[in-house]
Amino acid sequence: QIVGFAGIVELNIYNEQVNDEPGNYGACFLGLRSIGFMNSGIADPEVRRKKLNAELANGRLAMFAIIGMFFQDGLTGSA
């Protein structure tokens, strides 16, 4: 059932990109924007670009931190 639900969401909601931005499907979380539950997003393109860059930087930092924890656990045996 979970795989079926994920397949339906992938095929029906996340099937096209908006404004040729990678990862921008315009549907928001689980397609809630398409049925009117979420706001329309950030209107100012400069603010949007700044927030997206901040999100990417935070994601990269989180990935770096978890790799450091894996390395520490492998090296010392305790995290």
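Refer to the preceding data block for the structure.
Residues numbered from 1 in each chain as written. Predicted model: local features only at pLDDT ≥ 70, side-chain atom pairs only at ≥ 80, totals over all residues. Heavy atoms only, no water.

Within the chain one finds 2 helices and 0 strands. Relative to its 79 residues, the chain shows a buried fraction of 5%. Of the contacts made within the chain by residues no fewer than 6 positions apart, 9% connect residues no fewer than 24 positions apart. As presented, the chain carries roughly 6,900 Å² of accessible surface, and 63% of it is formed by carbon and sulfur atoms. (Helix = DSSP H or I, 4+ residues; strand = E, 2+ residues; numbered from the N terminus. Buried < 20%, exposed > 50% of the residue type's maximum accessible area, 1.4 Å probe, protein only. Contact = heavy atoms within 4.5 Å. Areas by Shrake-Rupley, 256 points an atom, 1.4 Å probe, with all protein chains shown as cover.)

Once their charged atoms are close, side chains differing in charge can pair, the charge on each being opposite to the other. What the rule picks out here adds up to 1 salt bridge. Two residues, arginine 49 and glutamate 46, come together in a salt bridge whose shortest N-O distance is 2.5 Å. Of the two residues, arginine 49 and glutamate 46 both sit in helix H2 (residues 45-76), 3 residues apart, roughly one turn of that helix. Residue glutamate 46 is classed as partly exposed on the basis of its relative accessible area, which comes to 46%. (Salt bridge = Lys/Arg side-chain N within 4 Å of Asp/Glu carboxyl O.)

Another aspect to go through is a nonpolar patch on the surface. Taken together, Met63, Ile66, Ile67, Met69 and Phe70 make up a surface patch of nonpolar side chains, about 520 Å² in accessible area. Assignment of secondary structure puts isoleucine 67 in helix H2. (Patch = residues over 30% accessible without salt bridge, like charges linked within 9 Å, V, L, I, M, F, W, Y side chains within 5 Å.)

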